[in-house]
Amino acid sequence: MPSYWGPPVSEIQIELANIDKHYGAFHALKNVSLSIEKGSFVALVGPSGCGKSTLLRSLAGLESISGGTIKIAGEVINNVPPRKRDVAMVFQSYALYPHMTVAENLTYSLRIKGIKKDVARRSAEEIATTTGLTGLLDRYPRELSGGQRQRVAMGRAIIRNPKAFLFDEPLSNLDAALRVHMRKEIRALHDRLGATSVYVTHDQIEAMTMADHVVVMRDGVIEQQGSPLDLYDRPVSKFVAGFIGSPAMNFLPGTIGADGMSVGLDIEGAPSLPLGRKAEAGQKVTVGLRPEHLVAADPAVAALRLPVAVVESTGSMTYLTTATVPELTVVETRRIDAKAGDTIGVSIAPGHVHLFDAVSEKAI
Ligand SMILES: Nc1ncnc2c1ncn2[C@@H]1O[C@H](COP(=O)(O)OP(=O)(O)OP(=O)(O)O)[C@@H](O)[C@H]1O
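None of these values were measured; they are calculated from a predicted model.

**Q** Sorry if this is basic, but what is going on with the pairing of strand S1 (residues 12-23) here?
**A** Where a strand is regular, its side chains alternate between the two sheet faces. By the bridge criterion, 8 bridges tie S1 to strand S2 (residues 26-37) in an arrangement that is antiparallel. Paired with isoleucine 14 across the two strands is isoleucine 36, which belongs to S2. Between S1 and S2, which follow one another and run antiparallel, lie 2 residues, and glycine 24 among them has a positive phi close to 60°. Two strands pair when backbone bridges link them, and S1 and strand S4 (residues 67-72) are joined in this way by 5 bridges, in the antiparallel orientation. Its bridge partner lying in S4, leucine 16 is registered against isoleucine 70.

**Q** I'm lost on the site of the ligand in this one. Help?
**A** The ligand sits among Tyr23, Phe26, Ala28, Gly46, Ser48, Gly49, Cys50, Gly51, Lys52, Ser53, Thr54 and His202. When contributions to the shell around the ligand are tallied by element, the ones reaching two or more residues are S2 and helix H1 (52-60). When residues in the shell around the ligand are grouped by element, the largest group, 3 residues, is from H1. In terms of residue class, the shell around the ligand is built from 4 nonpolar, 7 polar and 1 charged.

**Q** Looking at this structure, how should I read helix H4 (residues 146-158)?
**A** Taking 1.5 Å per residue, 13 residues should reach 18 Å; H4 reaches 18 Å between its end C-alpha atoms and fits that length. Among the 13 residues of H4, 10 are classified as buried, and the element is accordingly described as predominantly covered. By the burial criterion, the buried members of H4 are Arg149, Gln150, Arg151, Val152, Ala153, Met154, Gly155, Arg156, Ala157 and Ile158. Against the buried residues of H4 lie strand S6 (87-91), helix H2 (102-111), helix H3 (117-131), strand S7 (164-168) and helix H5 (176-193).

**Q** Would you explain the environment of aspartate 168 in this entry?
**A** By the secondary structure assignment, aspartate 168 is in strand S7. Taking the C-alpha atoms as reference points, aspartate 168 and valine 353, separated by 185 residues in sequence, lie 35 Å from one another. Once you skip the residues sitting within four places of it in the chain, aspartate 168 turns out to touch Ser53, Leu56, Met89, Phe91, Gln92 and Val200.

**Q** Mind showing me how you'd approach the nonpolar core here?
**A** Taken as a class, soluble globular proteins show a tendency for nonpolar side chains to be buried jointly. With 85 residues, the main nonpolar core has Ala43, Leu44, Leu166, Val198, Tyr199 and Val215 as its most contacted residues. Sequence-distant contacts of leucine 44, that is, excluding residues within four places in its chain, are made with Lys52, Leu55, Leu56, Val198, Val200, Val215 and Met217.

**Q** Can you walk me through H3 in this structure?
**A** Residues that lie three or four places apart on an α-helix share one face, since the helix turns once every 3.6 residues. Taking 1.5 Å of rise per residue, 15 residues should cover 21 Å, and H3 covers 21 Å from first to last C-alpha, within 8% of that figure. When H3 is considered as a whole, its buried residues turn out to be Ala120, Ala124, Ile127, Ala128 and Thr131. The arc enclosing the buried residues of H3, seen along the axis, measures out at 105°, which places them on a common side. In H3, the exposed positions angled more than 90 degrees off the buried face are occupied by Asp118, Val119, Arg122 and Thr129. Buried residues along H3 sit in contact with H2 and H4. Glycine 132 occupies a position one or two residues after H3 and carries a positive phi of about 75°.

**Q** Sorry if this is basic, but what is going on with unusual backbone geometry here?
**A** The peptide bond linking serine 246 to proline 247 adopts the cis configuration, its omega dihedral lying at -5°. Among the structural elements, proline 247 can be located in the loop between helix H8 (238-243) and strand S11 (250-256). With an omega dihedral of -5°, the bond running from valine 325 to proline 326 counts as a cis peptide bond. Backbone geometry at asparagine 18 places phi at a positive 50°, although glycine is not the residue there. Considering the arrangement of structural elements, one finds asparagine 18 in strand S1. At asparagine 161, a residue that is not glycine, the phi angle is positive and equals roughly 50°. With respect to the secondary-structure elements, asparagine 161 resides in the loop between H4 and S7.

**Q** In this structure, what is going on with the sheet that holds S4? I would like to understand it.
**A** Sheets are built from strands that pair by backbone hydrogen bonding, the pairs being arranged parallel or antiparallel. Spatially, the 4 strands line up as an open sheet ordered S2-S1-S4-S5, and their pairing is antiparallel. Because the sheet does not close on itself, it has two edges, and the strands there are S2 and strand S5 (75-76).

Cut-offs and rules
Residue positions are counted from 1 within each chain, in the order its sequence is given. With pLDDT at 70 or above as the cut-off, local features in this predicted model cover only qualifying residues; side-chain atom pairs require 80 or more to be listed or tallied, and sums for whole chains, interfaces and linings still use all residues. DSSP calls a pair of strands paired once it identifies at least 2 bridges connecting them. By definition, any uninterrupted DSSP run of H or I lasting at least four residues is a helix, any uninterrupted run of E lasting at least two residues is a strand, and each is numbered from the N terminus. Here, nearness means that the C-beta atom of a residue, built from backbone geometry, sits within 6 Å of the molecule or strand in question. Side-chain classes are defined by residue name, with Ala, Val, Leu, Ile, Met, Phe, Trp, Tyr, Cys and Pro counting as nonpolar, Asp, Glu, Lys and Arg as charged, and the others, Gly among them, as polar. To estimate the expected span of a helix, subtract one from its residue number and multiply by 1.5 Å. Exposed residues have 12 or fewer other C-beta atoms within 10 Å of their own C-beta, buried residues have 20 or more, and partly exposed residues fall in between, where C-beta atoms are placed from the backbone. The contact rule is simple: place each C-beta atom from the backbone, and if two of them lie within 7 Å, those residues are in contact. Definition of nonpolar core: a set of buried Ala, Val, Leu, Ile, Met, Phe, Trp, Tyr and Cys residues joined via C-beta atoms within 7 Å. What the arc describes is the spread of directions from the helix axis to the C-beta atoms.

Structure below.
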């Protein structure tokens, strides 16, 4: 229904409700519920084995579910076979037919529907323009680069005009530079087509840079979902805090001070950090500090003086790893004249202290 006041009312394109999946005795998806808005780009991310591919494959119909309901465009599709679900999968392996040309690969789905050859060819030409494959229509997959093959796989999905695009780690086979390029290309295509996309990746940078909405999975459940920066700034648990962000957040043991307004790091000589809010006095916590919130400073005035174990410079950034237990990572955009064995001063940016309960690991 159109909204005449305020922002447009969002429309749910995909709805997963209470999805359970058992592989024999193994419980791979545990009561997972997720709503995906029409036109959004949603990334499912998490470590190996968390269930993200199982969730995507359940949506595509490639995996049967043990319980729950899947709706696409308002229709329950639990018992609809994969080819009738009107979703298009794009795989890491491209899954192109090697004996068919690019044009034949692109138009396969049209030709099995009986669409005439010249009409199909015109569609292939249009898709080639959209996906940057112009001039390559008569080549075979073996005559293409990895990036071009991935574009054919994308084109083959686009030509079907599906209700949703489902991506399963589509860029894993490409080298680092091409991956960075292709993620922009996929996102731009998504925007141009006004598509709804669900994208599985184990790479949190890919998820953060491509998606509007990131779903972090762990052991078959959704640990947290939200916008990329929401997850980065307000992780609900130590797990999400450690998973999102590169280099990863530093974790240190600490204890909330007697006033409840500060936290002491359980490190000799370390100062108390002001919290700017009240916590439970004496509570044992894990303190989370992002590497960019640790700032190299003059050792005479810095909060911490730490021995350096490793210095890595990329030109634009310097990564310092300390010789402490646990080790800390400091990221500097300034050029730093430090080498292994030196002692550096480190200040902690105020207002950027994350706290997690030491036992439950939930954010405080
Ligand atoms: N056919 C199967 N039979 C038994 N267990 C399975 C089967 N497929 C997947 N699993 C198990 O279910 C869990 C989730 O698998 P899934 O492939 O969804 O993980 P994932 O998060 O996509 O991991 P990865 O990034 O490694 O692909 C894993 O522990 C896996 O071993």
